[in-house]
Amino acid sequence: MTQDERKEGIKGMANPGRYGIERVAYWLMRLSGLGLLGYFVAHIYETSNILRGQVGWDEFLDLTQTTEGHLFLTLVIGMCVFHTVNGIRVMLGHGGVGVGKPARPDYPYDPASQNYRHKIGIYSAILLAAVAMMYGLVVMFGE
Amino acid sequence: MAQVSSIADEQTSTPLSSSKSITLKIARYNPEHDESSKFMEFSIPYEKWTTVLEAILEVKKHFDHSVAVRYSCRQATCGSCGMIINGKPRLACFTKISELNSDIVTVEPMNNFPIIRDLAVKFERLFDSHQKIKPYLIRDDSELEADAKEFLQSPQELEQYIQFANCIKCGLCNSACPTMATDSSFVGPQALAQAYRYVADSRDKGKDSRLKIIDDSHGIWRCHFAGSCSQVCPKGVDPAMGIQLLRGYLLGFRS
Amino acid sequence: MKVHYGTALAAVALVAVHILMRLTQGFAESLEFENVLANYKFIPYAAMLELILILLSIHGFNGLRVILLELKQGRTYEKAVSYGCLAAMIGLIAYGSRTIIMTNMGMV
């Protein structure tokens, strides 16, 4: 990236504020994807402790089955549900589903692809993630 | 260096009955001798109908004629006056100050474009990307041949691509795109939307060659449907729609 | 991109089963050593875990590769990112498969 090209850089990619909920969804998708990848790698390592037998496994459970561990897992649940539901919405959009039909544009030139269907999809993803997080909290802290 | 100036009574072209004024902050930068951009501030009176372009031209007329700005038609037809206005890419001639609901209006050159000076940016990359996707009808025959009639097209066939033909190459979409913010090799939403414009044109027979061009790791696959391009497009081209419809051809949903 | 979509859709169904196992058994109870061991020894479940491992490794590291490729361009960098992500993918699959196979064979 040369200075001459004046690219906004990561700041521009990461700033979700200026362009509506669809840009926020893009940003959350990237964030949740990276978060889930990090969790996945840690989870593979964590579950490999089964090879250390009962003692090793219980040792690791003591580390993860704590309040902090449960809160972290709640966050993972939220990221997973959002990433999945929004991912399905994005896949449908990529296939041309729900993006509207080409038509002669007229003032105020509202873009048909930024329609209520995709907005509902995004808000549903956020809502379902919140519900899943609450359910996860109930399951983990309710026992 | 901030300079707040007011218009002298005998020089203003805006009637002094206007009691409203805004502070116009213009980013100044000359790559030849400035190390970084700085803002200059001007107090400009405005009416309900005053556009940002008119405010900038007031500055040029009364305060600092050296402010570099590109403009032409003043009616959102030519695509010359694209810039960042209060953080969002917009056409200066198409943005009324009253719509911004702010006492401070900040104008900066478009992101993701190299600067010539102040608010004027270089468009070479946009034009190169546009050329790359072959923005012309590709077919073996021609309307100029003897005995040939014009290529007929029904109103329904026209509706399939007419909105994408409205593109005025203003570059606002490229400025708003999050992929363009970091990827130097991405063709950009403008070029991809124009690729769809020609693919969707019933007169065109060059679909396969265009799809081959955009089927690249830095082509259509770098679009993630953030939709910012469509949010900022001043002509209703909706590049995001065009790109997703175009993707359908590559994914096998459309033929 | 088709790989990215395909792995995503396949993984969603399988991960849902994996999570439901934790919920139907009782969360804390399902994490007890004996229960986890029984899961690994049940071949269809172990096969499902292996499949999840492969699908999510591909999906995750391909996604990371896309993000990194957009941040910087250049032949050397792009090759390094692509091969690096591929190596990480293979490494993770190998490490996870080791756990599944050894536990399934009773080498705990």
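Residues numbered from 1 in each chain as written. Chains lettered and ligands numbered in written order. Predicted model: local features only at pLDDT ≥ 70, side-chain atom pairs only at ≥ 80, totals over all residues.

(A) Representation of the overall build of chain A in the model. For chain A, the helix and strand inventory stands at five helices and zero strands. Radius of gyration (C-alpha) of chain A: 20 Å, far over the 15 Å computed for a compact globule of 143 residues. Across its three principal axes, chain A shows a C-alpha extent of roughly 70 × 40 × 25 Å. Long-range contacts, defined as pairs at least 24 residues apart, comprise 71% of the intrachain contacts of chain A with a sequence gap of at least 6. (Helix = DSSP H or I, 4+ residues; strand = E, 2+ residues; numbered from the N terminus. Rg over C-alpha atoms; globule rule 2.2 N^0.38 Å. Contact = placed C-beta atoms within 7 Å.)

(B) Spotlight on the pairing of strand β4 (residues 88–91) of chain B. Residue and element names in this part refer to chain B. Where strand β3 (residues 82–85) meets β4, four bridges bridge the pair, whose relative direction is antiparallel. Residue pairing in the sheet places Gly 82 in a bridge with Leu 91 of β4. A loop of two residues connects β3 with β4, the two strands running antiparallel in sequence, and Asn 86 in this loop sits at a positive phi of about 45°. (Pairing = 2+ DSSP bridges.)

(C) Representation of the interface of chain B and chain A. With 38 residues of chain B in contact, the opposing surface of chain A contributes 32 residues. When contributions to the side of chain B that touches chain A are tallied by element, the ones reaching two or more residues are α8 (228–232) and α9 (239–251) of chain B. It is α9(B) that provides the largest number of residues to the side of chain B that touches chain A, a total of seven residues. For the side of chain B that touches chain A, a count of residues per class yields 17 nonpolar, 16 polar and five charged. (Nonpolar A, V, L, I, M, F, W, Y, C, P; charged D, E, K, R; others polar.)

(D) Quick peek at the packing of helix α6 (residues 189–199) of chain B against helix α7 (residues 207–214) of chain B. Residues and elements named next belong to chain B. Between α6 and α7, the least distance of the axes is 10 Å, while the angle of their chain directions is 165°. In terms of orientation, α6 lies roughly antiparallel with respect to α7. Of the two elements, α6 crosses α7, and the hand of that crossing is left-handed. Residues Leu 192, Ala 195, Tyr 198 and Val 199 of α6 pack against Lys 207, Arg 210 and Ile 214 of α7. Looking at side-chain class alone, the contact of α6 with α7 contains five nonpolar, no polar and two charged residues. (Axes fitted to C-alpha atoms, helices over the stretch in contact; angles between N-to-C directions. Parallel < 35°, antiparallel > 145°, perpendicular 65-115°, else oblique. Left-handed = near helix turned anticlockwise from the far one by under 90°.)

(E) Local environment of the interface of chain B and chain C. Each partner contributes residues to the interface: chain B has nine residues there, and chain C has six residues. A breakdown of the residues in the side of chain B that touches chain C according to their chemical character gives two nonpolar, five polar and two charged.

(F) Summary view of the pairing of β3(B). Residue and element names in this part refer to chain B. Taking every second residue as pointing to the same face, both faces of β3 are buried, with Gly 82 and Ile 84 on one and Met 83 and Ile 85 on the other. Looking at chain direction, β3 and strand β5 (residues 104–108) are connected through two bridges and run antiparallel. Along β5, the bridge assignment pairs Ile 85 with Val 107. (Buried ≥ 20, exposed ≤ 12 C-beta atoms within 10 Å, placed from the backbone.)

(G) Summary view of the sheet that holds β5(B). All names here are of chain B. Within the open sheet, the five strands sit side by side as β2-β1-β5-β3-β4. Their pairing is mixed. Each end of this open sheet is capped by a strand with a single partner; those strands are β2 (38–45) and β4. Within this sheet the neighbouring strands show an average axis-to-axis angle of 35°, counted without direction.

(H) Main features of the domain arrangement of chain B. Residues and elements named next belong to chain B. Domain annotation of chain B identifies domain 1 (21–121) and domain 2 (124–251). In this structure, domain 1 and domain 2 have C-alpha centres spaced 29 Å apart. Facing the 14 residues of domain 1 at the interface are 12 residues of domain 2. Counting residues per element, the side of domain 1 that touches domain 2 draws most heavily on β4, at four residues. For the side of domain 1 that touches domain 2, the per-class residue count stands at seven nonpolar, five polar and two charged. (Domains from an automatic or database assignment.)

(I) Broad picture of unusual backbone geometry. Put simply, A:Tyr107 and A:Pro108 share a cis peptide bond, and its omega is 5°. Topologically, A:Pro108 is positioned in the loop between α4 (67–94) and α5 (116–142). Look at B:Ala76: it is not a glycine, yet its phi comes out positive at around 60°. Topologically, B:Ala76 is positioned in the loop between α1 (52–62) and β3.

(J) Structural detail: the environment of A:Leu34. Following the sequence through the fold, A:Leu34 ends up in helix α2 (residues 21–47). Sequence spacing of A:Leu34 and A:Met79 is 45 residues, and the spatial spacing of their C-alpha atoms is 9.7 Å.

(K) Layout of the nonpolar core. B:Ile56, B:Leu192 and B:Tyr196 are the most contacted members of the largest nonpolar core, which has 102 residues in total. When residues in this core are grouped by element, the largest group, eight residues, is from α4(A). Not counting residues within four places of it along the chain, the set of residues in contact with B:Tyr196 comprises B:Phe164, B:Gly242, B:Ile243, B:Leu245 and B:Leu246. (Core = buried A, V, L, I, M, F, W, Y, C linked by C-beta atoms within 7 Å.)

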